[in-house]
Amino acid sequence: HNEVVVATPRKYKIDRVKRFMVTVKNTWEFWNAHKRQFSAFVAYDAGGCTTPVCKDIYHQYGFVVGCQVQPLSVAKYMGREQTNWQCRAGEDNCKAPIWYSLPGACPAKGIPNGAINPNSVDLDVDQYKSPECTKRMPGGLCKAGVTEPTGAPDCTYTYEDAGEIFLDELVGLQDYNQFWN
């Protein structure tokens, strides 16, 4: 990704890509209004939604999952299947990457800018979210034990681990520090 592998040390000391299988069922309120499964993508930084309309979207439709097709110049990987219908058949951008926004608990709060350390591996976004906020805005991740999202405002997605690969292994590096130095 263009924010992680551009410097040494890697941002937040990220050393692997984790895969998750995510199942989504957004709310009927959203479907009835827009006749599509996914909402607009909203940006999250340091655990908080930084898009001005987040509160409005979540208040009206529940904690819906959003998505956004990315140009290949931003994210240089393609899907196996067609992801974008704003293209001519056979073009690479028909399989353009997609970014998703998965609303967690208390999306209005994140780590304050002064507390962010890009070289730390133990940042805890939840310490900045009060129990009252988490109760009032539980996010879309279904409660533990729920295997399929219900489409309720607070149960729009589930996920399970689907493996990982180390970045060095992915690109064939034997020694990351030697590579950069």
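Residue positions are given per chain, counting from 1 as you read along its sequence in written order. Reporting of local features is limited, given that this is a predicted model, to residues whose pLDDT is at least 70; pairs of side-chain atoms are given and counted only at 80 or more, and all residues count toward the totals for whole chains, interfaces and linings. In computing side-chain values, all of the structure's heavy atoms are included and hydrogens and water are not.

Caption draft 1: Examining the environment of C106 more closely. Looking at where C106 falls in the secondary structure, it is placed in the loop between strand 6 (98-101) and helix 3 (131-136). Partly exposed describes any residue whose relative accessible area lies between the buried limit of under 20% and the exposed limit of over 50%, with all areas from a 1.4 Å probe on protein chains only and scaled to the type maximum. For C106, a relative accessible area of 0% puts it in the buried group. Note on conventions: DSSP H or I runs of at least 4 residues are helices, E runs of at least 2 residues are strands, and numbering of each starts at the N terminus.

Caption draft 2: Local environment of the confidence of the model for the protein. Per-residue confidence from the predictor is given as pLDDT, running between 0 and 100. Scored by pLDDT, the protein comes out at a mean of 90, with 98% of its residues at no less than 70. The secondary-structure element of the protein with the lowest mean pLDDT is helix 5 (residues 176-180), recorded at 78, while helix 1 (residues 28-34) shows the highest, at 97.

Caption draft 3: Examining the side chain of T27 more closely. Structurally, T27 is set in the loop between strand 1 (16-24) and helix 1. Among the residues examined, T27 registers a relative accessible area of 0% and is labelled buried. Within 3.5 Å is the distance limit for a polar contact, defined as a pair of N or O atoms, with the added protein rule that one can donate a hydrogen and the other accept it, and that residues adjacent in sequence qualify only through two side-chain atoms. A polar contact is formed between the side chain of T27 and the backbone nitrogen of F30, at a distance of 3.2 Å. Of the polar contacts made by the side chain of T27, one reaches the backbone oxygen of Y61; its length is 2.7 Å. If we skip the residues at most four places from it in the chain, T27 touches Y61, G62, V64, G151, A152, P153 and T156. The contact criterion used throughout is that any non-hydrogen atoms of two residues lie within 4.5 Å.

Caption draft 4: Region of the structure containing the sheet that holds strand 5 (residues 66-69). Taken in spatial order, the 3 strands of this open sheet run 2-5-6, and their pairing is mixed. Unpaired on one side and paired on the other, strand 2 (39-40) and strand 6 mark the two borders of the sheet. Of the pairings in the sheet, the one linking strand 2 to strand 5 comprises 2 bridges and is parallel in character. Each residue of the ladder has a partner; that of A40, found in strand 5, is C67. One requirement defines pairing of two strands: DSSP has to find at least two bridges between them.

Caption draft 5: Looking closely at the state of the cysteines. Cysteine sulfur atoms are paired as a disulfide whenever they come within 2.5 Å of each other. In total, this model carries 4 disulfides according to the counting rule given. Bridging C49 to C54, the disulfide has an S-S length of 1.5 Å. Its relative accessible area of 14% is what places C49 among the buried residues. The buried category is assigned to C54, whose relative accessible area is 5%. One disulfide bridge connects C106 with C133, the sulfur atoms lying 1.9 Å from each other. A torsion of 90 degrees about the S-S bond marks the disulfide between C106 and C133 as right-handed. Highlighted residues: C106 in the loop between strand 6 and helix 3 and C133 in helix 3, separated in sequence by 27 residues.

Caption draft 6: Highlighting unusual backbone geometry. Of note, K35 is a non-glycine position whose phi angle comes to about 55 degrees, a positive value. The phi dihedral of C106 falls on the positive side, at around 50 degrees, and the residue is not glycine.

Caption draft 7: Summary view of the nonpolar core. Residues F30, V42, C49, C54, I57, Y58, Y61, F63, V64 and M137 constitute the largest nonpolar core, which totals 10 residues. Here this core takes 4 residues from helix 2 (residues 54-61), the largest share from any one element. With near-sequence residues (within four places) excluded, V42 lies in contact with C49, T51, C54, I57, Y58 and S101. Note on terminology: a nonpolar core comprises buried Ala, Val, Leu, Ile, Met, Phe, Trp, Tyr and Cys residues joined through side-chain atoms within 4.5 Å.

Caption draft 8: Fine view of the environment of V74. If you trace the backbone, V74 turns up in the loop between strand 5 and strand 6. The exposure class of V74 is partly exposed, given its relative accessible area of 28%.

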